[in-house]
Amino acid sequence: MKQRHPQARQKMSRVIDEIGAALFACGATEVSLRLKKEPEGLRLLVQGDYLPVNRPKLERLGKLLQPEIRDPALAETFWELAGADLADDTSELALVGQILDDARVVLGEQSVEMELFVAR
Amino acid sequence: MKDKTASSRSDKQSPVLRGVLPALCVVLAVFAFAVQPPAELFRGFWRILISDAGLITDPAVTGGAGAALLNAALVLALSTALVYGMHLPVTGLTFACLFMMAGFSLLGKNILNILPVLLGGWLYARFQGEPFSKYVYQTLFATCLSPLVSFWLVHLPGAWRFAAMLGSGVAIGFFVPPVAGYTVRIHQGFDLYNVGFAAGFIGLGIASICKGLGVEFVTELRWGTQDHVVFLWLLRVILLGLFLAGVYLGCRKPKDYRPLLRHSGRSVADFILMDGAAPTLVNMALTGLIGHVYLLALSPFGVRLNGPLVCCVLSMTGFAAFGKHPKNVLPVMAGAVLAKSLLVAVPLTAPGSLLAVLFCTGLAPIAGQFGVFWGMVAGFLHMTIVQNTSILHGGMNLYNNGFAAGLVCVLLLPIIEAFQNRSKE
């Protein structure tokens, strides 16, 4: 069956919300976001800085965004909870990891680059 | 950081983790055949299939403990086969959902009345042009309204009954997923039994329409007390098995387990995805043990384990992979017990209130997020509200506590936020 993602745009806006909040929580002073529309979906390119003391937090963020297992049923059921920002918990970042169809996170000394993809 | 391409395929997961649910099927089936002679077992199983299933119906009373456990084993086997057949990974949501399927087969679901609902969920996926795997958990949870299917089987004559069973079951399976997608926004993930909240509204709609047409849902209380020892050993085997599986997979010291307790439990707190299988399985055993010990502590007051109470413990155990842990369930349970002690209209050992103390743990994220006090308030409110919700859907929503928990969230969350905003100022 051909897979459709009618909510890709809404999902990506939740991802942007969560990622922005997470990076600022890690001490970022500047975050650049570039959103690209591709035939297969939406790609978000993120660049930001962070305080070195928060590196463990960002390593965990990287793991949550690149999970070994993605469960489409879980993402479908709960994606609308992402970005609600009611709870200061890593569970929403884990949810973002489930919403994404692909992710790449590269950590530098004081900078972070991400490439996050939500399929249509 | 190394680039990883995640997959939804299940082949990367530990065979021990993937073996837990099939093993639970086997345990239930072994207990079923051990406690009832085969001929009586199958007669009892047939009686369960053709009987009423609304709240509160103990299938162990209808057909015997063995027949009830056989029903649970079959329902769990079918649900597990669905999930595994779609190559979905085993996550916390898988455990939460499938333990609920097994548990609620001891409180109203059966292998017959869930089938039309599953068909409805499949049709919804087709309608959306999506694979059924995306909706399989919501569809399985939606079987909480399956007593309606049994109601038509028992109370309608001739061929009408089959049309009504099929029509109502398919409608439930078709409409629960979109409504559940909406209700999750209302309680913001603080009610772990989200589909129960959605099903409460759908049940309210169905009951109201049927009442207008002159059909009123009535169910009699069937509450067993004869099979305490069987269920006691069943729970011991399940909880010990989960604990040992967790230890085998690597959770051997308190420091391996403790990080799991930092989560508030608010959805989506999938402990398997966030902390791994080992601490999650240990957490399931410990959280289930809390429910088990609570019920045993009430033994001097005449409380005996039966189908519905085992259902509660299995639900707590399953959701301990998806939000519940000892730190967030205890305050909520304490609030519910407090309500039970203070409110004269809620007897200490009444079936409904026994279930409510264990099921109110669906509000555990409130304790996890806002602290012990608000957790206790949530438990207290839940105990009072749940006494009045079953009548709204005529006892057809088996997740009545999930419905009540959602209402508690609607009432309590704005109040908590108002207090928190004021303290921030």
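Every value quoted in this text rests on a predicted model; they were computed, and no experiment measured them.

**Student:** With reference to specific residues and values, describe the pairing of strand β1 (residues 31-38) of chain A.
**Tutor:** All names here are of chain A. Pairing between β1 and strand β2 (residues 41-49): 8 bridges, direction antiparallel. The residue of β2 that forms the bridge with Lys36 is Arg43. Here β1 folds back onto β2, and the loop between the two strands holds 2 residues.

**Student:** Give a detailed account of unusual backbone geometry, specifying residues and quantitative values.
**Tutor:** Residue and element names in this part refer to chain B. In this structure, Ile56 follows Leu55 across a cis peptide bond, with omega equal to -10°. Following the sequence through the fold, Ile56 ends up in the loop between α2 (38-49) and α3 (59-63). Residue Val268 is reached from Ser267 by a cis peptide bond, and omega for that bond is 15°. By secondary structure assignment, the location of Val268 is in the loop between α12 (254-257) and α13 (271-275). The phi dihedral of His87 is positive, around 60°, even though this residue is not glycine. Structurally, His87 is set in the loop between α4 (65-85) and α5 (92-104). One non-glycine residue, Gln188, lies in positive phi territory at about 55°. A relative accessible area of 18% means that Gln188 is categorised as buried.

**Student:** Explain the nonpolar core to me, and be specific about the residues and the numbers.
**Tutor:** Counting residues in each nonpolar core, the largest one holds 186 residues, and the members touching the most others are Met114 and Leu116 of chain A together with Phe95 and Ile366 of chain B. The dominant element in this core, judged by the number of residues it contributes, is α4 of chain B, at 11 residues. Leaving out residues up to four positions away in the same chain, Met114 of chain A has contacts with Ile19, Leu23, Leu44, Leu45, Val46, Leu61, Leu65, Arg104 and Val105 of chain A.

**Student:** Provide a residue-level description of the sheet that holds strand β4 (residues 111-119) of chain A, including the pertinent values.
**Tutor:** Residues and elements named next belong to chain A. Read from one edge to the other, the open sheet built from 4 strands follows the order β1-β2-β4-β3, with strand pairing classed as antiparallel. Taken across any chain shown, the strands that pair with only one partner, and hence form the sheet edges, are β1 and β3 (102-107). Averaged over all neighbouring strand pairs, the angle between strand axes comes to 10°, with direction disregarded. Alignment of β2 against β4, held across 9 bridges, turns out to be antiparallel. The partner of Gly48 across the bridge, within β4, is Val112. Strands in contact with helix α1 (residues 8-25) are β1, β2 and β4; relative to β4, the strand with the most contacts, it is inclined by about 165°.

**Student:** How would you explain the side chain of Ser168 of chain B if you had to name every residue and give the values?
**Tutor:** Residues and elements named next belong to chain B. Topologically, Ser168 is positioned in helix α9 (residues 160-187). Under the relative-accessibility criterion, Ser168 is labelled buried at 13%. There is a polar contact of 3.3 Å between the side chain of Ser168 and the side chain of Trp152. Separated by 3.4 Å, the side chain of Ser168 and the backbone oxygen of Met165 make a polar contact. Once you skip the residues sitting within four places of it in the chain, Ser168 turns out to touch Leu148, Val149 and Trp152.

**Student:** Talk me through the pairing of β3 of chain A; I want residue IDs and the actual numbers.
**Tutor:** Burial along β3 of chain A is one-sided: Ala103, Val105 and Leu107 of chain A are buried, and none of Asp102, Arg104 and Val106 of chain A, which face the opposite way, are. Hairpin connection of β3 of chain A to β4 of chain A: 3 residues between the antiparallel strands.

**Student:** An account of the packing of aromatic side chains is requested, with residue identities and associated values reported.
**Tutor:** Evaluated as defined, the whole model comprises 23 aromatic pairs over all chains. Seen in terms of ring centroids, Tyr124 of chain B and Tyr135 of chain B are 5.1 Å apart; in terms of plane orientation they differ by 85°. Their pairing is edge-to-face. With Tyr124 of chain B in helix α6 (residues 115-128) and Tyr135 of chain B in the loop between α6 and α7 (136-142), the pair connects residues that are 11 residues apart, well separated along the chain. Given the relative accessible area of 10%, Tyr124 of chain B is considered buried. Judged by relative accessible area, Tyr135 of chain B falls into the buried class, the value being 5%. For the pair Phe141 of chain B and Tyr399 of chain B, a centre-to-centre distance of 6.4 Å together with 75° between the ring planes defines the contact as edge-to-face. Here Tyr399 of chain B lies in the loop between α19 (372-385) and α20 (400-424) and Phe141 of chain B lies in helix α7, a separation of 258 residues in the sequence. We note that Phe141 of chain B, like Tyr399 of chain B, is buried. Among the aromatic residues, those joined into a cluster by ring pairs are Phe78 of chain A together with Phe104, Phe141, Tyr193, Phe319, Phe322, Phe359 and Tyr399 of chain B. Its end group placed over the ring of Tyr84 of chain B, Arg18 of chain B keeps NZ or CZ at 4.3 Å from the ring centre.

**Student:** Go over the side chain of Asp270 of chain B with me, naming the residues and quoting the values.
**Tutor:** Its place among the elements puts Asp270 of chain B in the loop between α12 and α13. No salt bridge forms around the buried Asp270 of chain B; measuring N to O, its nearest opposite-charge neighbour Arg60 of chain A is 11 Å away. Among the polar contacts made by the side chain of Asp270 of chain B, one reaches the main-chain amide nitrogen of Ile272 of chain B at a distance of 3.2 Å. Residue contacts for Asp270 of chain B: discarding those within four places in its chain leaves Leu74 of chain A together with Thr91, Gly92, Leu93, Ala321 and Phe322 of chain B.

**Student:** Give me α5 of chain B: which residues, what numbers.
**Tutor:** For α5 of chain B, with 13 residues, the first-to-last C-alpha span of 18 Å sits near the 18 Å given by 1.5 Å per residue. A large share of α5 of chain B lies buried, amounting to 13 of its 13 residues.

**Student:** Before we move on, could you go through the pattern of salt bridges and cite the residues and values that matter?
**Tutor:** Residues and elements named next belong to chain A. Considering all chains together, one arrives at 12 salt bridges over all chains under this definition. With a closest N to O distance of 3.0 Å, Glu115 and Arg43 form a salt bridge. Within this pair, whereas Glu115 is found in strand β4, its partner Arg43 is found in strand β2, the two being separated by 72 residues in sequence. Exposure remark for Glu115: the relative accessible area of 23% places this residue in the partly exposed category. Arg55 is the partner of Glu59 in a salt bridge, and the nearest nitrogen-oxygen pair spans 3.2 Å. Linking Glu59 with Arg55, this pair stays in helix α2 (residues 55-65), spanning 4 residues, or about one helical turn. Salt bridges sharing partners connect three or more residues here, namely Glu38, Arg43, Arg104 and Glu115.

**Student:** Just give me the short version of a nonpolar patch on the surface, but keep the residues and values in it.
**Tutor:** Residue and element names in this part refer to chain B. A surface patch of nonpolar side chains, about 340 Å² in accessible area, is lined by Leu119, Trp122, Leu123 and Leu166. Counting residues per element, the nonpolar patch draws most heavily on α6, at 3 residues. Looking at the secondary structure, you find Leu123 in helix α6.

**Student:** How would you sum up the packing of helix α15 (residues 307-319) of chain B against helix α17 (residues 351-359) of chain B? Please name residues and give values.
**Tutor:** All names here are of chain B. For the pair α15 and α17, interaxial distance at closest approach is 9 Å and the crossing angle is 10°. Judged on the interaxial angle alone, α17 and α15 are roughly parallel. On α17, the residues that touch Pro308, Leu309, Cys311, Cys312, Val313, Ser315 and Met316 of α15 are Leu354, Leu355, Leu358 and Phe359. For the contact of α15 with α17, the residue count by class is 10 nonpolar, 1 polar and no charged.

Cut-offs used in this document
- Residues numbered from 1 in each chain as written.
- Chains lettered and ligands numbered in written order.
- Predicted model: local features only at pLDDT ≥ 70, side-chain atom pairs only at ≥ 80, totals over all residues.
- Heavy atoms only, no water.
- Pairing = 2+ DSSP bridges.
- Helix = DSSP H or I, 4+ residues; strand = E, 2+ residues; numbered from the N terminus.
- Buried < 20%, exposed > 50% of the residue type's maximum accessible area, 1.4 Å probe, protein only.
- Core = buried A, V, L, I, M, F, W, Y, C linked by side-chain atoms within 4.5 Å.
- Contact = heavy atoms within 4.5 Å.
- Axes fitted to C-alpha atoms, helices over the stretch in contact; angles between N-to-C directions.
- Polar contact = N/O pair within 3.5 Å; in protein donor to acceptor, adjacent residues only side chain to side chain.
- Phe/Tyr/Trp six-rings, centres within 6.5 Å; stacked < 30°, edge-to-face > 60°.
- Lys NZ or Arg CZ within 6 Å of the ring centre and 35° of its normal.
- Lys, Arg positive; Asp, Glu negative; His and termini not counted.
- Salt bridge = Lys/Arg side-chain N within 4 Å of Asp/Glu carboxyl O.
- Expected span 1.5 Å × (residues − 1).
- Patch = residues over 30% accessible without salt bridge, like charges linked within 9 Å, V, L, I, M, F, W, Y side chains within 5 Å.
- Areas by Shrake-Rupley, 256 points an atom, 1.4 Å probe, with all protein chains shown as cover.
- Parallel < 35°, antiparallel > 145°, perpendicular 65-115°, else oblique.
- Nonpolar A, V, L, I, M, F, W, Y, C, P; charged D, E, K, R; others polar.

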